Amino acid sequence: MLSRIGESLFWIGRYLERADDTARLLDVQMQILVEDPATDEVTACQQLFAVMGIDDFGGVPNRWSMLDLLAYDQKSPSSIAAVIGSMREAARSAREVLSTDVWSAINTTWQGVPAATSMRPVEMFNWVRRRTAMISGSADDSMPRDQGWYFYVLGRNIERADMTARLLSTAASAGGSGVAWQNTLRACGGYESFLRTYRGIERDSASAEYLLLDRWFPRSLVSSLSEAERALTRLDVAGRRAGFSDEALRLLGRARTGIEYRPLGEILETMPFEMERMQRACAAASDAITSRYFAQEDWHLWKGRVSL
């Protein structure tokens, strides 16, 4: 497969997951600010900006600057509106291998951004989640399971691991309150399945364990990293009997085992640090994938859009 097409599909997966998860993260943060009166708005917004890697937020941070930079402002590279525009550009580069259904879903979403940016926050978040679900469903139904599919799955799951780490950092930064963990579970679509798994017993440690380590929940860190590893294994045709020829596979495997085989208490004690390390591992894996599979001249076209 041409590196240009492979890279475009990789970034379609990443941008799709980033738009969806940014909406989920903002939904959690807004719910915390509304439901927990003890939360200091300035501190909470500063912590979220730090989690998202934003240093310049112009003055005293508050919920409105947070929504502007991370949701509405198309000139902010971290915003949902900008990410949807980048996804559409990536789809244009891979138009010849995308089905009509996938292209139409992405293009319609991009065309709906101006109207979405005039919605109330909760309405916009719901709109983003509906649209990304439609794109994801169209891709699942119509994309052949060839190399292109595995680049798409790889990009999506690396981004999912990165963004889940950011969600967990946000919950931990809120003091680990029950409200924060419940809202995080709801944002990930896992609250009901969590209650079934833990028989209705709600504990902060159980919530963290579910989002970190549950192998059956698709948004957990372990599940996302495992899916990314499987996609890389399908793309790696070397078939080495020992060791790894793929640096990204080694990085992701080490990140996964670094949390999967450690006591939960150790991770919870230093949750923000552990999640920051997970984000660095995802970024390093993305760089390794680019170096191995994508032409360097193509990489420069996307370089400005890589990080949040």
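Structure first, text after, so check above.
Below is a summary of the structure that appears in this document. Bear in mind that the values here come from a model prediction, so they are computed numbers and not experimental data.

**Details of the packing of helix α1 (residues 3-35) against helix α3 (residues 63-72)**
Contact pair α1 / α3: the axes reach a minimum separation of 11 Å and the direction vectors enclose 175°. Taken together, α1 and α3 sit at an angle that is classed as roughly antiparallel. Every residue of α3 that contacts α1 at T22, L26, Q29, M30, L33 and V34 is listed here: R63, M66, L67, L70 and A71.

**Structural notes on the side chain of T170**
Take T170: it is sitting in helix α8 (residues 147-173). Look at T170 and you get buried, because its relative accessible area is 5%. If we ignore the near neighbours within four places in the chain, the residues touching T170 are L25, Q29, L48 and V51.

**So, the nonpolar core**
Among the nonpolar cores identified, the biggest contains 102 residues, and I12, M66, I80, L154, L212, L221 and I289 are the most heavily contacted of them. Looking at which element gives the most residues to this core, the answer is α1, with 15 residues. Residues in contact with M66, not counting those within four places in the same chain, are L26, Q29, M30, L33, C45, L48, F49 and A71.

**Examining empty space enclosed by the protein**
Throughout the structure, instances matching the rule amount to one cavity of 30 Å³ or more. Approximately 40 Å³ is the volume attributed to the largest cavity. Lining the largest cavity are L9, I12, L98, V102, I135, A139, M143 and Y152. Looking at the lining of the largest cavity, the elements that each hand over two or more residues are α1 and α7 (121-142). The class makeup of the residues in the lining of the largest cavity is eight nonpolar, no polar and no charged.

So, how was this worked out
- Residues numbered from 1 in each chain as written.
- Predicted model: local features only at pLDDT ≥ 70, side-chain atom pairs only at ≥ 80, totals over all residues.
- Heavy atoms only, no water.
- Axes fitted to C-alpha atoms, helices over the stretch in contact; angles between N-to-C directions.
- Helix = DSSP H or I, 4+ residues; strand = E, 2+ residues; numbered from the N terminus.
- Parallel < 35°, antiparallel > 145°, perpendicular 65-115°, else oblique.
- Contact = heavy atoms within 4.5 Å.
- Buried < 20%, exposed > 50% of the residue type's maximum accessible area, 1.4 Å probe, protein only.
- Core = buried A, V, L, I, M, F, W, Y, C linked by side-chain atoms within 4.5 Å.
- 1 Å grid on protein atoms, 1.4 Å probe; cavity = no way out; pocket = protein on both sides within 12 Å on 5 of 7 lines; lining within 4 Å.
- Points joined across faces, edges and corners; volume = space filled by probe spheres on them.
- Nonpolar A, V, L, I, M, F, W, Y, C, P; charged D, E, K, R; others polar.

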